[in-house]
Amino acid sequence: MENTQTTITNNIPKEVTMVLAVLQSGGHEAFLVGGCVRDLLMGVKPKDFDITTNANPEQIIALFPKTFYENTYGTVGVVTCGEEGLPMCSDETVKIVEVTPYRLESTYSDNRHPDEVEWSENIEDDLKRRDFTCNAIAYNSITGEIIDPFFGQKDIKDKLIKAVGNPDLRFNEDGLRLMRAVRFMSQLDFGIHPVTRESLEKNAHLLKNISRERVRDEFTKLLMTDFPMRGLVIMKDVGILEQVIPELLNGIGVEQNQAHSFDVWEHNLRTLQHSADKKWPLHVRLSAIFHDISKPETRRYSKEKNEYTFYGHDVVGGRVTREIMERLKFPKEMIEKVSMFVRWHMFFSDPEQITLAAVRRMISNVGKENIWDLIDLRICDRIGTGRPKEEPYRLRMYQSMVEQALKDPISLKMLKTDGKRIMDVTQETPGPKIGFVLHALFDEVLENPEKNTEEYLDKQANLIMKLSVEELKALGEAGKQEMEEKNKEQVKEIRKQFKVKGD
Ligand code: ATP
Ligand code: MG
């Protein structure tokens, strides 16, 4: 491999080496295995480390001060650091290192669960049950020994996903591996071995038998890779997208209007890809892939416009998104959020007509905390059309209007007194004088915010009230003007911040 021993060693936290060393000095075999070995060999820092050993769970537990035992697969979680009696963690991700005895899997009668899990004395048995050759390498980082019976190192070098053993059998054992193959292609930017690919196509239907929760988790991982567009195209090509989100396929070949270079399918994908390019979070990526899901069924040809229209695709799309996400068992909050974004994604499409009142309405529709995500979705949507990039000017205009709508206007409400209180403290009857006093007080507070206390304002109200009506009026009007000025300045400030013109 191109990656030197030093790069590899630097990517292994000391806690992990400690667990290996303790197992080995206890007289057992112990190896790093699975995704972490693949990542290390590729020069990537693994996000978690799995260790496999010929020790049984009792023997593992006996070697470490603090462990917990997850019974199903014999996995023991070793707490390595960050707790009483243990050293500080060099890296939070290795606080718990999972150690699993070598496993041997026998028969699968339901395409997903091994009928029984047996332990083995032999590392090769454990590697044999793993999904792809790149994930089936064991590495003893203390001695440098690598066990690679399926030539995973070569496939990593050739950037190929290849099933361990007979792909048909392996996909039949666990249909989720179909999705995993595609996810790894996307995540690692790998191609696929032709025999494995053929088998993917042949066995695509097996995904039906897999629990929606497992499918959801793999789909989520795929969306979170750097190239989710590529993953979805492969899913379509091999026939597994049909088993997961057939609705997306309806967009294939659905031509759009002049604002778009692509059919609905490709537009959805490119919108998603842009959200990944921006490293935006899952809910934005899900909204991106689903935002135009209902364009196919709402498309009409308009003679007047001489174009297609898609009226209502946002409303229908919000509903369809909810159905899809419920089917895939996404958590409730995620469903709410994403279907809401799909429902309201059209808002920023008409910049000529956008008013501050409309922006306020939208903020109340999606909530203050979500408005910037909606703008991010809008950015992806626009890039996804394949037409000239989001005009930076227009985008900044939206942003400045949102900022303006979010900022409370400068108003008498900010004052720590009101008309009623002024009448109480000054014993004055209702009339224009009260308004003049309020504005005069506010003017003072604008100059000196620290004067905004009930105590000061009560005292000051009494003083001002002694002036003549004319004097009061003059003061009040000057105050009002000042408030309007300040509001204008605030807007100007925001526009300047977003580098847009206007007043
Ligand atoms: P990632 O870096 O995304 O975590 P990973 O390779 O670690 O990738 P995991 O899902 O964490 O993937 O699985 C860890 C290892 O367990 C895999 O590398 C593989 O060897 C094995 N494995 C996981 N799921 C399966 C499966 N369904 N069938 C066979 N082997 C599997
Ligand atoms: Mg992993």
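Model, not experiment: these values are computed from the prediction.

**Q** Give me the side chain of Asn452: which residues, what numbers.
**A** Here Asn452 shows up in the loop between helix H22 (432-447) and helix H23 (454-464). You can call Asn452 buried: its relative accessible area is 16%. Looking at Asn452, its side chain comes within polar contact range of the main-chain nitrogen of Lys416, at 2.8 Å. Asn452 has contacts with Met414, Leu415, Lys416, Val445 and Leu457, leaving out every residue within four places of it along the chain.

**Q** Please set out the environment of Ala474 residue by residue, giving values where relevant.
**A** By secondary structure assignment, the location of Ala474 is in helix H24 (residues 469-497). Judged by its relative accessible area of 48%, Ala474 is partly exposed. In the structure, Ala474 is positioned 38 residues away from Phe436 in sequence and 8.2 Å away in space, judged by C-alpha atoms.

**Q** Could you give an account of helix H16 (residues 313-327), with specific residues and numbers?
**A** Along an α-helix, residues three or four positions apart point the same way, because every turn accommodates 3.6 residues. Here H16 is 15 residues long and its end C-alpha atoms lie 20 Å apart, about the 21 Å a rise of 1.5 Å per residue gives. Burial in H16 covers these residues: His313, Asp314, Gly317, Gly318, Val320, Thr321, Ile324 and Met325. Looking at the buried side of H16, the elements it contacts are helix H14 (282-290), helix H15 (295-298) and helix H17 (332-344). Lys329 lies just past H16 and shows a positive phi near 60°.

**Q** Break down the pattern of salt bridges for me, citing the residues and quoting the values.
**A** With the rule as written, the count across this model stands at 32 salt bridges. Between Glu444 and Lys451 there is a salt bridge whose closest N-O contact spans 3.4 Å. We classify Lys451 as partly exposed; its relative accessible area is 25%. Ionic contacts of the salt-bridge type, sharing partners, join the residues Asp131, Arg180, Arg183 and Glu218 into one network.

**Q** How would you summarise the site of ligand 1 if you had to cite specific residues and measurements?
**A** Ligand 1 sits among 15 residues. The nearest are Arg38, Lys47, Asp174, Arg177 and Arg183. One nitrogen or oxygen atom from the side chain of Arg177 is found 2.7 Å from a nitrogen atom belonging to ligand 1. Within the complex, 83% of the 590 Å² of free accessible area of ligand 1 lies under protein. Elements with a minimum of two residues in the shell around ligand 1: helix H3 (35-41) and helix H8 (176-188). In terms of residue count, the dominant contributor to the shell around ligand 1 is H8 (5 residues).

**Q** Outline unusual backbone geometry, supporting the account with residue identities and numerical values.
**A** Positioned with a positive phi, Lys159 is a non-glycine residue whose angle comes to about 55°. With respect to the helices and strands, Lys159 occurs in the loop between helix H6 (152-157) and strand S10 (160-161). Phi is positive for Lys329, which is not a glycine, with a value near 60°. Here Lys329 is to be found in the loop between H16 and H17.

**Q** Account for the packing of aromatic side chains, with residues named and values stated.
**A** The final tally for this structure, using the stated rule, is 2 aromatic pairs. A centroid spacing of 6.2 Å and a plane angle of 75° characterise the contact between Phe132 and Phe184, whose relative ring orientation is edge-to-face. Residue Phe132 is located in the loop between helix H5 (123-128) and strand S8 (138-140), and its partner Phe184 is located in helix H8; the two are separated by 52 residues in the primary sequence. An angle of 80° between the planes, with centres 5.4 Å apart, marks the rings of Tyr301 and Tyr308 as edge-to-face. The ring of Phe184 carries Arg183 above its face, with NZ or CZ at 4.3 Å from the centroid. Lying over the aromatic face of Trp344, Arg343 brings its terminal NZ or CZ to 3.9 Å of the ring centre.

**Q** Could you give an account of the state of the cysteines, naming the residues involved and the relevant values?
**A** A full pass over the atoms with the stated rule returns 1 disulfide. The thiol of Cys134 is unpaired, and the distance to the nearest cysteine sulfur, on Cys36, comes to 12 Å. Residue Cys134 is classed as buried on the basis of its relative accessible area, which comes to 0%.

**Q** Can you tell me about the domain arrangement of the chain, naming the residues and giving the values?
**A** Entries for the chain in the domain assignment read domain 1 (5-158), domain 2 (160-244), domain 3 (246-406) and domain 4 (412-497). The distance between the C-alpha centroids of domain 1 and domain 3 comes to 43 Å.

**Q** Please set out the nonpolar core residue by residue, giving values where relevant.
**A** If you look at the biggest cluster of nonpolar residues, it comprises 98 residues, and the most contacted ones within it are Leu32, Ile51, Ile161, Leu232, Met235, Leu286 and Phe290. No other element matches the 8 residues that H8 contributes to this core. With near-sequence residues (within four places) excluded, Phe290 lies in contact with Ile245, Thr321, Ile324, Met325, Val338 and Val342. Among the nonpolar cores identified, the runner-up in size contains 18 residues, and Val445, Ala461, Leu472 and Met483 belong to it.

Cut-offs and rules
Residues numbered from 1 in each chain as written. Chains lettered and ligands numbered in written order. Predicted model: local features only at pLDDT ≥ 70, side-chain atom pairs only at ≥ 80, totals over all residues. Heavy atoms only, no water. Helix = DSSP H or I, 4+ residues; strand = E, 2+ residues; numbered from the N terminus. Buried < 20%, exposed > 50% of the residue type's maximum accessible area, 1.4 Å probe, protein only. Polar contact = N/O pair within 3.5 Å; in protein donor to acceptor, adjacent residues only side chain to side chain. Contact = heavy atoms within 4.5 Å. Expected span 1.5 Å × (residues − 1). Salt bridge = Lys/Arg side-chain N within 4 Å of Asp/Glu carboxyl O. Near = heavy atom within 4 Å. Areas by Shrake-Rupley, 256 points an atom, 1.4 Å probe, with all protein chains shown as cover. Phe/Tyr/Trp six-rings, centres within 6.5 Å; stacked < 30°, edge-to-face > 60°. Lys NZ or Arg CZ within 6 Å of the ring centre and 35° of its normal. Disulfide = S-S within 2.5 Å. Domains from an automatic or database assignment. Core = buried A, V, L, I, M, F, W, Y, C linked by side-chain atoms within 4.5 Å.

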